[in-house]
Each structure stands twice: as C-alpha cells, then as structure tokens.
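# An overview of the molecular structure
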Amino acid sequence: MNSLRHFLAVCALWMVTGAAAAHEGSTSYLAIDTRGGGPDFAGRFDVALIDLAWIMPLDVNADGALSWNEILAQRSAIAGTFSEGLSFSRGSKPCALAIREPWLADRLGLPYLSIDLAAVCESTGPIAIASSLLFEEDDTHRVLISVRTPTEVHTATLAPISRTWTEPGTASAWRTALAFAWQGMWHVWIGYDHLIFLLLLLLPAVVRHDGSNAGRGRAIALDLARIVTAFTVAHSITLGLAATALVRLPERPIEVAIAMSLVIGGMMNLAPPLFRFRLPLAFGFGLVHGFGFANALAGVDTGGSPMLPVLAGFNIGVELANLAVVATVLPLLLWTGRFAWYAPRAMPAVSLVAAAVGAAWMMQRL
Amino acid sequence: MRDSARVLRRATVAANAAAVAVFFSAGVHAEEGSRYRPTDGSKTLLLLPAALESKTATFFEEGSADSVARRAEEYTDLARRSSDARYFGRAQALITPWLNRPDLPPRLLVAAADLAQQRHEFIHSRQLLDRALAAEPRNAGARLMRANLGLLAGDFAAARADCLAVIQADALPGTICLASALTGPGSLERAHGLLAALDCSAPGAAAYSHWRVLTQADLALRAGDTDAAVQFLERARTLDPAHEETRVRLAAALLERGESARALALVDGPNVSAALLVARIRAASLIGDAVATAARREFDALLTIGLRRGTGTHFREEGELALYVDGNSVRALELARRNFAAQKDTPDLRLLVEAAIAAHDQAALAFAREWLASSGFEDRVALERLREAGA
C-alpha cells in the first residue's frame, strides 16, 4: 500500500518537474513608509486569506466558505495574531503597534486580507522588522518587505531561516549613480546595434553634402555636436519615460526598430544629399534606442535604489560611452576623410555592411 | 499553548484543501494589490473544502516519524492536486525538524526527497533517495523517484536500472518508467510496444492510465507525429482535466499545428502559473488577442515576486517567451542552456535546439547534436531540425 502511494505520487511528478514549481508558494507583503518624519511610521501588511485560515479559525459557521462578515467577526483575533507575530523596533527600541480596520486586496488572483499598521516608536534610527507568522507552518512562506524612506526604497525578504531585517545605513545617491554609470557604459559596450548606429551617424561628418571630403575644423565639430546632442536628448527622453513606467512598449518591436535604424542609417549614408536629414534621423531613432536602453535597465537589479540616481547614473554612463566612441572614432575619420577614396568608396562600403547587418538582425527579430 | 495552537490549526486544516478563490462579485479589481471593502458581507470570498482534516486527524501523532511522513505525503499530494506550492511548504515545515536526526526511516527520507525534487534540488534529492534505498533496497517508490531524477539528468542507463527494479515490484509502473528510459535507434517503437502491451484491465491499472497516456504523447511527439500526440494528450486531459502539465503540453502541440485559438481556450482562466501564463501569452500573441498583454503583466509580476522570494526559477518558461514571443534568440538560448543544465525533458531539448537555430549559434547546435548522440535519447524532430540547420 505504501509502495502504491509512492507510485502514484511519482506519477504526478513524472515529467513535470519544470512546471511543478510554477506556483510560488505563500507570500505576504509588508510595506512601510517613513516619509512622514519623526520616529513613528505607517505601514500596510497583506496576508493571503488562505494562509490566515491555516493559522487561525476564520470559518465561524463551519460551512467551508469564508465571507467578509466572518472576517469582520474575527477582526480582534486577527489583530491579536498580527500583533503577536509582527514586531518593529527603531534605534534598538521596540515600537508599539496599532492595527487598523481590515481591507481586502487581490494579489495574483488570490484574495488577501490587507491591514494598515501604525508603529509608535521612541526614537529615530534604523528600523528593524521581525515576523514569526506562518514560518513554523509553511516552509515556502516569505514576507516581501518594502520600506520607503525620504531618500530611497529598501526591499528585503523574510524567510524561515531569516526572520528579521534591519534597515541598512543610507546608501549615498552618488554611489548609486556611479554604480549605474558603469552599468550604462557596459550596456553601450555590449550593445553592438547601438554602437553601429552611432558609427553610421559619425561617418558622414567628414563628408560635405555634395559628396566631397569636408575640411577639418569647427564645422565638423559643430555638426557632430548637433548630431550627438540630438541623439542623446532623444534617448534620454524615452529612457526616462520607460524606466519610470510612464510609457511601456513591448521589447520585440523596439528591437526590430533598432535593427531598422541601422538599415535606414546605412542607406542614407549612400546618398550625400540625404546627409542633411541626419539630425532628424539621430533624434527619431534616438527615441527608439532609448526604449532599448530602458529594456536593458529593466534587467538590472536596482536593489530598491531610488529611481533618480539610478536613471541619472545609467544615462550618464551611456553618454560617457557615446563620447568615448566619438573620441576614439573621430581622429580616425579625420585622417581617413582626407583621402579621396573615403567619401565615394570607404564610407559607402562600411555603411552598406552596417545596413546588411541591420537587415539580418531585423529579419531575425521579426 | 502548543496544544491549543494545534487544536486551532486542526480546526482550520480542512479550510485549506484545494482551496478555490472566488472573486468577489462587487467588481473587477484589476490592479495588483488594489484594496476594497465588500458591500455585501455575506458573499463568499474563498471556498474551503474540508477533505484533509478528516483524512489526517485520525492518524497524526506528533512525535512519530512515521506519522510525520504520512502527513507530509498528504500535503505533498494535495499540493500536486491543487497546484498550490504552499502545501509543499507545509509538508517541508513538518519534516525539517527531523532531518538532522540519525537513522531516519526510509519513508521520511523519500518524502523529503520528493520535496527536494520539487524545489529542483536534484542532487540533494538523490542523496536522500540513496540513503532510503541503502536502508530499504526494495522501496519501489524511492526507485521510481530516482529513475525520474535519472531521466531529468539525462542519465538513462541509471534510470533504466531503477525502472527494471520497479518492474520486479509492480510491472505496470515499472514498464511505463522503462518506456521513458529506453534509448538508441528504434527506442520509440520499442517503448510504444511496451506501453501498448500493458494490461490496462489489470487491478489498479486505472491509477496509471494518465501517466501512461502522457508518456505515449511524449513518444509520439519525439517521433514527429503531432496528431497522435494531440490525441494522447486530449485523452490525458479527459483522464485528469485539472492536470496543469497536460494542458500546457496539449497547448504547445496545438500551437505546433497552428490551432492558436484552441490552445488559448485550453490555457485561459484564473489559475496563475508560469507555464500556463506563457502558453497563454504565446497563443494570444499569435491571434492578436488582448489577453496576451494582461497575461504578460501577470507573468512579469510572477517573475518579480519569484525573484524577490528567492524561489523563482522559470528558465524554460522565460526561454520560451524570449524565443517565441519576444524574438530575442540570444536571451532565449542563454535561458535554454541554463534550463537544460538542470533538466533534460523533451520540451527542454526542443527549446535548446530551436533557440540555438534562431541564434545561429554553432556551438550550441553542436552541443545539442553531441548530447543526442552520446545519450541515445531519440527525438527525431530535434534531430531533423539540427540536420536542417547543418549541425
């Protein structure tokens, strides 16, 4: 009989390991806001009804169904359970906890009980949070903590093996910005499509609109400054919009459009009369590339850092990398641009190759 | 205090078996975590089936390894039936205090191995099973579980040895196990023959029907017969309509046949899981259905929560999304590689091959070709795709 039970269990397990862990298990959410100033702070704690029903009797009429009236009837007991299971301290001194009237919330399709908390603390200083709710009963239980301070947002997770969290020392905004500046530079370096597009914008800088080779000097510098500034402003706008979730576009069409920017940029470089459209080209596709950077930034763990230094640092990193590319490529262009073969042969050849690469990427991403 | 807590817990254990969330009828609460207070307090928020308490209360005695193992098995089964991982956690919470004790009974070791396998801790799971089998070599459940680990690791010889040992205890599950573990040219036909020859009218055979039909579907897919695979999967769905993996595999097979609308209908609904959501996004994207956007949002939320919980590894699902929806073959290949390092089931191999082809990655193509050759795993579709790609 024992063997049979195991057989049946394994039958259920068979070939489904990949999907079997698909459901994440028990999760509670604790959000704290300390921006009100002073030692006291407010919070919100959401716990799934199905979890709460596991640790305390909520089904008063024992009909196998849970109603809002039953929850209201048990609200004192619920408040007692939370007061017993959750504890806060600040500056190493315990805080008194007041629990308000409950709400309901939906999270990933499950009904949650949501309560407002008010912690009355004796001193300022780092906040410490501890929970003993559900950990003894459910090994998958996690409490996802979010603490919003005047300068940043901390995120943390409580688990059966780590049931307390203490607010770390305040990270400097400059340090965050510096860290993300490196990220910005790194993403330019590994983003070949961005590098190639930038190169396509630079190539005609040493060529006159009539196709002849331009002289060196102020005109080239001004032209490049306008182009690079337009590109920078454009992708800064969309990076900001996307990173702050004000605008959200799907990744695939953006990646296709970025590949398309290489095709169009490359083809435009074949026709000197079209050089005058490099400014709108740089601005237009700069907007598109900004969304691409936002997708890259989305894949970076910000560790709950505030958005401003993250965004500023990442953008500064991208710009520094752009300037580094310009500084590296420009002397080479100035030198090669002096030769008669540059404008009619070398530049079109390089542009054509870039356009072909862009076309291949476009097909791949479609 | 402890007794009273246990009484309270027991009184509500029933409340949690295969619980079904009933959305409050007052309206749509679309935004994640948005709050409300019901206007009608008598309406049901959550259904609490009462099956578990009556089954477990009669034998559960705290302090007995055997009763802890039995209760952990109950919760584990419940987690699988209800697709709710919190019951795995409840089983683990029962077992954890026992794990450092010496001379654990094999039954508790097997229950712990089952949970470790569920968490993708395959090496730990195998160690626990080895300990159980050292103490009780004829434990067929442990053998079968270890065979599954062998299959996931691509160690088909070890899996076959365990399956053959199971056959000696019970021919039916042992044979189904063996059908999945056969390798080499013609193994699909031999496996099919083994399954076709099973006596389905034997006592207890019905319990294995779903597993047998799922295995037949996998064999058909590997043979390139999608129509037969769909038929088997539809039968499996009839046998167990709630089985999530069956729905996901049937949806994938239907997508392969271009039946996106049917696939979408199959995986639509309120149940939130990574595999179902990805299947939904794939199907809805193909027919331009707005469901895709909502499902994508849910999937992103699930991943974010999984990452924050430290428990979320959905390489297969993320890889499928990157490959089939986002068209990001480079990311898809990276995810497919990480997924294949952990598990080597047919969908894992297919994802690796398709991502390698899309990314034009010769090293990955060569790796897949070499793995097929060295393991003997017969997947004619994957092999043909590799040939077409010149690998």
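No experiment lies behind these values; they were computed from the predicted model shown.

Criteria and cut-off values
Residues numbered from 1 in each chain as written. Chains lettered and ligands numbered in written order. Predicted model: local features only at pLDDT ≥ 70, side-chain atom pairs only at ≥ 80, totals over all residues. Heavy atoms only, no water. Helix = DSSP H or I, 4+ residues; strand = E, 2+ residues; numbered from the N terminus. Buried < 20%, exposed > 50% of the residue type's maximum accessible area, 1.4 Å probe, protein only. Areas by Shrake-Rupley, 256 points an atom, 1.4 Å probe, with all protein chains shown as cover. Contact = heavy atoms within 4.5 Å. Pairing = 2+ DSSP bridges. Axes fitted to C-alpha atoms, helices over the stretch in contact; angles between N-to-C directions. pLDDT = per-residue confidence, 0-100. Patch = residues over 30% accessible without salt bridge, like charges linked within 9 Å, V, L, I, M, F, W, Y side chains within 5 Å. Salt bridge = Lys/Arg side-chain N within 4 Å of Asp/Glu carboxyl O. Expected span 1.5 Å × (residues − 1). Disulfide = S-S within 2.5 Å. Core = buried A, V, L, I, M, F, W, Y, C linked by side-chain atoms within 4.5 Å. Phe/Tyr/Trp six-rings, centres within 6.5 Å; stacked < 30°, edge-to-face > 60°. Lys NZ or Arg CZ within 6 Å of the ring centre and 35° of its normal.

Once that is clear, we can look at the overall build of chain A. If you tally the helices and strands in chain A, you get 12 helices and 11 strands. Per-residue burial over chain A gives 53% buried out of 366 residues. Element-wise, carbon and sulfur atoms account for 65% of the exposed surface of chain A, whose accessible area totals about 15800 Å².

What follows deals with the overall build of chain B. Along chain B, the regular secondary structure elements total 21 helices and 3 strands. Here chain B holds 391 residues, and the buried ones make up 54% of them. Partitioning the intrachain contacts of chain B with sequence separation of at least 6 by distance along the chain shows that 53% fall at a separation of at least 24.

Here we come to the pairing of strand β6 (residues 96–107) of chain A. Residues in a regular strand point their side chains to alternate faces of the sheet. Two strands pair when backbone bridges link them, and β6 of chain A and strand β7 (residues 110–120) of chain A are joined in this way by 10 bridges, in the antiparallel orientation. In the strand pairing of β7 of chain A, Asp-106 of chain A is matched with Pro-111 of chain A. Where β6 of chain A folds back onto β7 of chain A in an antiparallel hairpin, the turn is made up of 2 residues, including Leu-108 of chain A, whose phi is positive at roughly 45°. As defined by bridge partners, β6 of chain A adjoins strand β2 (residues 35–36) of chain B across 2 bridges and the pair is classed as antiparallel. Note on β2 of chain B: the bridge partner recorded for Leu-104 of chain A is Tyr-36 of chain B.

Once that is clear, we can look at the sheet that holds strand β1 (residues 27–33) of chain A. Across the sheet, 7 strands lie side by side as β10(A)-β9(A)-β1(A)-β2(A)-β7(A)-β6(A)-β2(B); this open sheet has mixed pairing. At either margin of the open sheet sits one strand with a lone partner, and together these are β10 (153–158) of chain A together with β2 of chain B. Along the sheet, helix α16 (residues 291–309) of chain B makes contact with β1, β9 (142–148) and β10 of chain A, crossing β9 of chain A at roughly 95°.

This next bit is on unusual backbone geometry. All names here are of chain A. In this structure, Ala-62 takes a positive phi of about 50° despite not being glycine. Tracing the chain through its elements places Ala-62 in the loop between α3 (49–55) and β3 (65–67). On the basis of relative accessibility, which here comes to 63%, the residue Ala-62 falls in the exposed class.

With that out of the way, let us pick up the sheet that holds strand β4 (residues 86–90) of chain A. Residues and elements named next belong to chain A. Pairing in this open sheet of 4 strands is antiparallel, and the strands run β5-β4-β8-β11 from one edge to the other. Single-partner strands in this sheet number two, and they are β5 (93–94) and β11 (164–166). The pairing of strand β8 (residues 127–131) with β11 spans 3 bridges and is classified as antiparallel. The residue bridging Ala-128 from the neighbouring strand is Thr-166, located in β11. Against the sheet, helix α5 (residues 75–85) makes contact with β4 and β8, and its axis sits at roughly 50° relative to β4, the strand it touches most.

Once that is clear, we can look at the confidence of the model for chain B. Residue and element names in this part refer to chain B. Considering every residue of chain B, the mean pLDDT works out to 85; 87% of them sit at 70 or more. Averaged pLDDT values for the elements of chain B fall to 30 in strand β1 (residues 20–21) and rise to 97 in helix α19 (residues 346–358). A low-confidence stretch, residues 1–30 (pLDDT under 50), is modelled with 69 contacts involving residues beyond four sequence positions or located in other chains. This model gives residues 54–61 a pLDDT under 50, and the stretch forms 14 contacts once residues within four places in sequence are excluded. Across the predicted assembly, pTM comes out at 0.67 and ipTM at 0.76.

Further remarks concern a nonpolar patch on the surface. On the surface, Trp-186, Trp-189 and Ile-190 of chain A cluster together into a nonpolar patch covering about 380 Å² of accessible area. With respect to the helices and strands, the residue Ile-190 of chain A is situated in helix α6 (residues 173–190).

For the rest of this paragraph, the subject is helix α8 (residues 218–243) of chain A. Helix length check: α8 of chain A (26 residues) gives 36 Å between terminal C-alpha atoms against 38 Å at 1.5 Å per residue, within 8%. Phi turns positive, to about 65°, at Ala-245 of chain A, one or two residues after α8 of chain A.

This part takes up the state of the cysteines. Residues and elements named next belong to chain B. Counting across every chain of the model gives 2 disulfides over all chains. Shown here is the disulfide that connects Cys-163 with Cys-177, its sulfur atoms set 1.9 Å apart. Because the sign of the S-S torsion sets the handedness, a value of about -65° for the bond joining Cys-163 and Cys-177 places this disulfide among the left-handed ones. Note that Cys-163 is positioned in helix α8 (residues 156–169) and Cys-177 in helix α9 (residues 171–181), a separation of 14 residues in sequence. Considered together, Cys-163 and Cys-177 belong to a single accessibility category, that of buried residues.

Residue and element names in this part refer to chain B. Following the criterion strictly, the structure yields 42 salt bridges over all chains and no others. Between Glu-73 and Arg-107 there is a salt bridge; the shortest N-O distance is 2.6 Å. With Glu-73 in helix α3 (residues 65–82) and Arg-107 in helix α5 (residues 106–118), this pair connects stretches of sequence that are 34 residues apart. Across the pair Arg-331 and Glu-318 runs a salt bridge, and its minimum N-O distance is 3.0 Å. Within this pair, whereas Arg-331 is found in helix α18 (residues 329–342), its partner Glu-318 is found in helix α17 (residues 315–326), the two being separated by 13 residues in sequence. Accessibility expressed as a relative area gives 16% for Glu-318, which makes it buried. Here the salt bridges share partners, and the residues they tie into one network are Asp-218, Arg-222, Glu-245, Arg-249, Arg-316, Asp-345 and Asp-348.

Secondary-structure assignment places Glu-255 of chain A in helix α9 (residues 251–268). Excluding its chain neighbours within four sequence positions, the residues that come into contact with Glu-255 of chain A are Asp-193, Gly-292, Asn-295 and Arg-365 of chain A.

In this section: the nonpolar core. Core analysis: the biggest nonpolar cluster contains 91 residues, and Phe-45 and Ile-129 of chain A have the highest contact counts within it. With 8 residues, the top contributor of residues to this core is α5 of chain B. Core analysis: the next-biggest nonpolar cluster, separate from the first, contains 47 residues, Leu-239, Met-268, Phe-291 and Met-347 of chain A among them.

A separate point is the packing of aromatic side chains. Applying the stated criterion across every chain yields a total of 15 aromatic pairs over all chains. Between Trp-335 of chain A and Phe-339 of chain A, the ring centres sit 5.3 Å apart and the planes meet at 90°, which makes this aromatic pair edge-to-face. What makes Trp-335 of chain A partly exposed here is its relative accessible area of 46%. Note on Phe-339 of chain A: relative accessible area 29%, which makes it partly exposed. With centroids separated by 5.1 Å and ring planes inclined at 85°, the aromatic side chains of Phe-340 of chain B and Trp-371 of chain B adopt a geometry described as edge-to-face. Within this pair, whereas Phe-340 of chain B is found in helix α18, its partner Trp-371 of chain B is found in helix α20 (residues 362–375), the two being separated by 31 residues in sequence. Residue class for Trp-371 of chain B comes out buried when judged on its relative accessible area of 11%. Taken together through their ring pairs, the aromatic side chains of Phe-156, Phe-340, Phe-367, Trp-371 and Phe-377 of chain B make up a single cluster. Sitting over the ring of Trp-54 of chain A, Arg-90 of chain B keeps its end group 3.8 Å from the ring centre.

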